[in-house]
Amino acid sequence: VAVRSAPHTPPSEDDIPHDKYGDEVRLGQQIFTATYRYARRYTGNDLACSNCHLDAGRRAHAAPLWAAYGMYPAYRAKTDRNNSFEERIQQCFRFSMNGIAPALDAPEMRALVAYAHFLARGVPVGVELPGRGYPQILKTGHDPSPTRGADVYQAQCVACHGSDGQGQVRAEGGYVVPLLWGRDAYNRAAGFANSGQLAGFIAANMPPGAGVRLADQQALDVAAFINLQWRPWDPRHGLLGALLK
């Protein structure tokens, strides 16, 4: 796969055209930033896509839409087959939103694909872009420790996410700061349920606005702590399968 060295700068909101395509893009942006409101029939919690894909899907190293759009169809080990971009969105609804998958031709799906297409304007297809996904943390020589992670969480995360991990609720719905565990959280099949992936996101983006980031070992430890907490089961196994695991 070709790799481009220069990062992509997605078009601004002001560049969305005033036509039917632009209407789809604007609806996709609304769904992406307030999923609990504009795609309520498919969500099982009050999270929004932008809680994980930061800056409305624009920020590098926070799974930006512009870096993913042109890389599908792609093989995913999780499904053991090639997935389309639409199928990848379905998985986000089913696992990260703990909901149900929209039909491939649902209005919400068409709008989300239009929004991703708009952000990826000018991006060559099949080219791996800097900032795609979340950074991969290399081995540090120490296993992740939830015990150390609890100390990191208390020192670095409690101020925003709360001692109970429930985040900060927005009055009109959704979260100012997303919750990290509990009934309304991502389920055990979500990408962030993989502590290595969650650690990469944390190392690149948390704490928000801070002058310094957590060390790699701290990110691994706090991710292990977060994923040790209760969250909804993996829907691929059903409730009985979850109870027997």
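Just so it is clear, the model here is predicted, and its values are computed rather than measured.

What counts, and at which threshold
For every chain, the first residue of the written sequence is number 1, and numbering continues from 1 onward in sequence order. Residues qualify for local features only when their pLDDT is at least 70, as the model is predicted, and side-chain atom pairs are given and counted only at 80 or more; totals for whole chains, interfaces and linings, by contrast, use all residues. Side-chain metrics rest on all non-hydrogen atoms present in the structure, leaving aside hydrogens and water. Cavity means a closed set of points on a 1 Å grid over the protein atoms alone, one where a 1.4 Å probe fits but cannot get out, pocket means an open set with protein on both sides within 12 Å along at least 5 of 7 lines, and lining means a residue has an atom within 4 Å of a point. Grid points are joined across faces, edges and corners, and a volume is the space filled by probe spheres set on the points. A run of H or I in DSSP becomes a helix once it reaches four residues, and a run of E becomes a strand once it reaches two; helices and strands are each numbered from the N terminus. Each residue gets one label: Ala, Val, Leu, Ile, Met, Phe, Trp, Tyr, Cys and Pro are nonpolar, Asp, Glu, Lys and Arg are charged, and the others, such as Gly, are polar. The rule for a salt bridge is simple: a side-chain nitrogen of Lys or Arg has to be within 4 Å of a carboxyl oxygen of Asp or Glu. Whether a residue is buried, partly exposed or exposed follows from its accessible area with a 1.4 Å probe, protein chains only, as a fraction of its type maximum: under 20%, in between, or over 50%, in that order. Axes here refer to lines fitted to C-alpha atoms; in helices the fit is confined to the stretch in contact. Angles between the N-to-C directions go from 0 to 180 degrees. Oblique is the label for every angle not falling under 35 degrees (roughly parallel), over 145 degrees (roughly antiparallel), or within 65 to 115 degrees (roughly perpendicular). The criterion used for residue contact is that any of the two residues' heavy atoms lie within 4.5 Å.

In this model, the largest pocket occupies a volume close to 1200 Å³. Lining of the largest pocket is provided by 43 residues; of these, Ala 63, Arg 76, Arg 88, Tyr 134 and Gln 197 occupy positions nearest its centre. Of all elements in the fold, only α4 (65-68), β2 (74-76), α5 (85-96), α6 (107-119) and α9 (195-205) reach the threshold of two or more residues within the lining of the largest pocket. When residues of the lining of the largest pocket are assigned to their parent elements, the largest contribution, eight residues, is made by α5. Its residues assigned to classes, the lining of the largest pocket shows 29 nonpolar, nine polar and five charged. The space that makes up the second largest pocket amounts to roughly 680 Å³. Lining the second largest pocket are 35 residues, with Asn 51, His 161, Pro 178, Phe 201 and Met 206 positioned closest to its centre. A total of four residues in the lining of the second largest pocket trace back to one element, the largest contributor, which is α9.

So, about the pattern of salt bridges. Applying the stated criterion across every chain, the model contains 10 salt bridges. The residue Asp 55 makes a salt bridge to Arg 59 at a minimum N-O spacing of 3.1 Å. A relative accessible area of 28% places Arg 59 in the partly exposed class. Ionic pairing is found between Arg 132 and Glu 128, a salt bridge with its closest N-O pair at 3.0 Å.

α6 packs onto helix α1 (residues 20-33) with a crossing angle of 100° between their chain directions and a minimal axis gap of 7 Å. Here α1 is positioned roughly perpendicular relative to α6, judged by the angle of their axes. On α6, the residues touching Tyr 21, Glu 24, Val 25, Leu 27, Gly 28, Gln 29, Ile 31 and Phe 32 of α1 are Pro 107, Glu 108, Arg 110, Ala 111, Leu 112, Ala 114, Tyr 115, His 117 and Phe 118. Among the residues forming the contact of α1 with α6, the class breakdown is 11 nonpolar, three polar and three charged.

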